[in-house]
Amino acid sequence: MLASNTMKVILIAPLRSHTGNASSAHRIRDILECNTDVTCELLSCHNITSVEELNGYIGTLQANCVLAIHAYRSGHLLPGCCKPYAVIFGGTDVNEHHQNKHKMEVMTAALQKARFVIAFSRPMMLKAKELWPDICDRIIQQPQGIITSPSKTFCFHQHLNTHYGVPLGSHIFLLVAGIRPVKDPLFLVKYFSAWHHKKETVWFVIVGASLNEEFTLECKEAIDRLSGVLLIDCLPQDKAHAAIRDSTALINSSLSEGMCAAILEAMDLDTPVIARNIEANAAIVQHRITGLLYQTPQEFLDEAKEILSNQTLRTSLACEAKKYVTKHHSVDEEKLCYLQIIQDLSNNT
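Since this is a predicted model, take the numbers as computed values, not measurements.

Student: How do you make sense of a negative patch on the surface when you look at a structure like this?
Tutor: Among the surface-exposed residues, Glu-214, Glu-218, Glu-221 and Asp-224 lie close enough to one another that they form a single negatively charged patch. Structurally, the position occupied by Glu-218 is in helix H8 (residues 213-224). Judged by relative accessible area, Glu-218 falls into the partly exposed class, the value being 45%.

What follows is the structure, encoded as structure tokens:
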């Protein structure tokens, strides 16, 4: 075992519920602690005000090393950290925050002293190398590991029928995402509603927690005027996985992603994926092989209609996607990677 002696790790991250960074933090914590001699303490970067406070936690917990998710949100606490650390890119740090001069300076300072830097995907790794050439010999590509655990007793169709009046037997196109502008949940809804008027068995269901109150209100007001479109609150993970399992297709409409866990979960659950053709999605969805990619709402509608009418395509996409996610998103391989990283960090304490 790589972690043969007890090691204590602090994992600092944005821990706001129902976000990708929080999900990644909990997943990494869980795999590090599963059947190892590692203890991993999660700390919210929003609850720590300075590196001195972080060092106080490190001393109190007698931590050997630090992992930090998000080069800006957690990274501002890292210069002056008293223990070796690694930075895990979150997504918006590489995709968006580099455009802001102050944020770029904060991230650069954090990355300068990082022993390792981890990117979930090849596009993210290449972008990071372009932004920070001096990390080229320290950056590691490690995809997210995926495990799904759908409820065996929860039926999404029955839930939608009982609580929202969606007829049983409807075709559900499901978007799972926290409600905020970067997820662009309204991108497809007017077009989908027009399709629903012609084919009442198709429904577009958005499941997600409000992460931006003003924007969520805007979405609710827009969706309330549309037939065939629902916005419902987030579900517990086992029920969310069951909802993906029970849907006709999993939809992604994001403007930007780090690595979309919902897409990978759908692949694991044999549900076809229709994803917006952005760089992060194209890194995990091979068009017409493991899923479908679209640029415009009309392209999306054409693909959604094909998913309904072409059983051969549905079966092929599900089969190839399952092979892909099993091969490239192994939790066991992810675990070995992070165990090796913290072992190397602890040896340099």
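Following the structure, the description resumes.
Student: So what exactly am I meant to see when it comes to the side chain of Lys-183 here?
Tutor: Relative to the helices and strands, Lys-183 is located in the loop between strand E7 (171-176) and helix H7 (189-198). At 3.1 Å, the side chain of Lys-183 and the side chain of Glu-257 are in polar contact. With residues up to four places along the chain from it excluded, the contact list for Lys-183 reads Ala-177, Gly-178, Ser-253, Ser-254 and Glu-257.

Student: What is the right way to look at the side chain of Thr-19 in this model?
Tutor: Tracing the backbone through its elements, the reader meets Thr-19 in the loop between strand E1 (7-13) and helix H1 (20-33). Looking at Thr-19, its side chain comes within polar contact range of the main-chain oxygen of Arg-16, at 2.7 Å. Dropping the residues within four chain positions of it, Thr-19 is found in contact with Pro-14 and Leu-211.

Student: Mind showing me how you'd approach the nonpolar core here?
Tutor: If you look at the biggest cluster of nonpolar residues, it comprises 92 residues, and the most contacted ones within it are Leu-67, Phe-89, Phe-156, Val-205 and Tyr-338. Once residues within four sequence positions are removed from consideration, Val-205 is found in contact with Phe-156, Leu-160, Ile-172, Phe-173, Leu-174, Leu-175, Leu-230 and Ile-232. One finds Phe-204, Ile-223, Ile-274 and Leu-317 within the second-largest nonpolar core, a separate group that totals 28 residues.

Student: So what exactly am I meant to see when it comes to helix H2 (residues 51-61) here?
Tutor: Every α-helix carries 3.6 residues per turn, so stepping three or four residues along brings you back to the same face. Residues of H2 that are buried: Val-51, Leu-54, Asn-55 and Ile-58. Viewed end-on, H2 has its buried residues packed into an arc of 100 degrees, placing them on one side of the element. Looking at H2, the residues exposed on the side facing more than 90 degrees away from the buried face are Glu-52 and Thr-60. Looking at the buried residues of H2, the elements they touch are E1, strand E2 (38-44) and strand E3 (65-69).

Student: Sorry, what's going on with the packing of aromatic side chains here?
Tutor: By convention here, two paired aromatic rings are described through the distance between centres and the angle between planes. Throughout the structure, instances matching the rule amount to 10 aromatic pairs. Seen in terms of ring centroids, Phe-154 and Phe-156 are 6.4 Å apart; in terms of plane orientation they differ by 40 degrees. Their pairing is tilted. Here Phe-154 falls in the buried class, since its relative accessible area comes to 11%. Residue classification places Phe-156 among the buried residues on the basis of a relative accessible area of 0%. Consider the rings of Phe-187 and Tyr-294, whose centres lie 6.4 Å apart with planes at 15 degrees: the pair is stacked. Residue Phe-187 is found in the loop between E7 and H7, and its partner Tyr-294 is found in strand E12 (residues 292-294); the two are separated by 107 residues along the sequence. Of the residues examined, Phe-187 reaches a relative accessible area of 19% and is grouped as buried. We note Arg-276 situated over the ring of Phe-187; from NZ or CZ to the ring centre the distance is 3.6 Å.

Student: Would you mind going over the sheet that holds strand E9 (residues 229-232) with me for this structure?
Tutor: Strand pairing within a sheet occurs via backbone hydrogen bonds; the two strands may be parallel or antiparallel. Reading across the sheet, the six strands line up as E9-E8-E7-E10-E11-E12 and stay open at both edges, with parallel pairing between neighbours. One side of each edge strand has no neighbouring strand; the edge strands of this open sheet are E9 and E12. Mean inter-strand twist for the sheet, computed between neighbouring axes without regard to direction, equals 25 degrees. Contacts from helix H6 (residues 156-164) reach E7, strand E8 (202-207) and E9, with the element oriented near 95 degrees to E9.

Student: What am I meant to see in the pattern of salt bridges here?
Tutor: Side-chain pairing between opposite charges can occur once the charged atoms of the two side chains come close. Following the criterion strictly, the structure yields 10 salt bridges and no others. Between Glu-257 and Lys-183 there is a salt bridge; the shortest N-O distance is 3.1 Å. You can see Glu-257 sitting in the loop between strand E10 (249-252) and helix H10 (261-268) and its partner Lys-183 sitting in the loop between E7 and H7, a full 74 residues away along the chain. Assessed through its relative accessible area of 9%, Glu-257 is described here as buried. Residue classification places Lys-183 among the buried residues on the basis of a relative accessible area of 12%. Residue Glu-306 pairs with Arg-288 through a salt bridge whose shortest N-O separation is 2.7 Å. Of the two residues, Glu-306 sits in helix H12 (residues 297-309) while Arg-288 sits in the loop between helix H11 (279-282) and E12, which places them 18 residues apart along the sequence.

Student: Looking at this model, I keep getting lost on the layout of surface pockets. Mind explaining?
Tutor: In this approach the atoms are scanned with a rolling probe the size of a water molecule, which exposes any empty space left behind. Considering only enclosed or pocket space, the second largest pocket measures out at about 180 Å³ in volume. Surrounding the second largest pocket, 16 residues form its lining, Phe-120, Gln-141, Pro-143, Tyr-324 and His-328 being those nearest its centre. Counting only elements with at least two residues in the lining of the second largest pocket, the list comes to helix H5 (122-131) and helix H13 (311-328).

What counts as what
Residues numbered from 1 in each chain as written. Predicted model: local features only at pLDDT ≥ 70, side-chain atom pairs only at ≥ 80, totals over all residues. Heavy atoms only, no water. Patch = residues over 30% accessible without salt bridge, like charges linked within 9 Å, V, L, I, M, F, W, Y side chains within 5 Å. Areas by Shrake-Rupley, 256 points an atom, 1.4 Å probe, with all protein chains shown as cover. Salt bridge = Lys/Arg side-chain N within 4 Å of Asp/Glu carboxyl O. Lys, Arg positive; Asp, Glu negative; His and termini not counted. Charge placed at Lys NZ, Arg CZ, Asp CG, Glu CD. Helix = DSSP H or I, 4+ residues; strand = E, 2+ residues; numbered from the N terminus. Buried < 20%, exposed > 50% of the residue type's maximum accessible area, 1.4 Å probe, protein only. Polar contact = N/O pair within 3.5 Å; in protein donor to acceptor, adjacent residues only side chain to side chain. Contact = heavy atoms within 4.5 Å. Core = buried A, V, L, I, M, F, W, Y, C linked by side-chain atoms within 4.5 Å. Arc of directions from axis to C-beta. Phe/Tyr/Trp six-rings, centres within 6.5 Å; stacked < 30°, edge-to-face > 60°. Lys NZ or Arg CZ within 6 Å of the ring centre and 35° of its normal. Pairing = 2+ DSSP bridges. Axes fitted to C-alpha atoms, helices over the stretch in contact; angles between N-to-C directions. 1 Å grid on protein atoms, 1.4 Å probe; cavity = no way out; pocket = protein on both sides within 12 Å on 5 of 7 lines; lining within 4 Å. Points joined across faces, edges and corners; volume = space filled by probe spheres on them.

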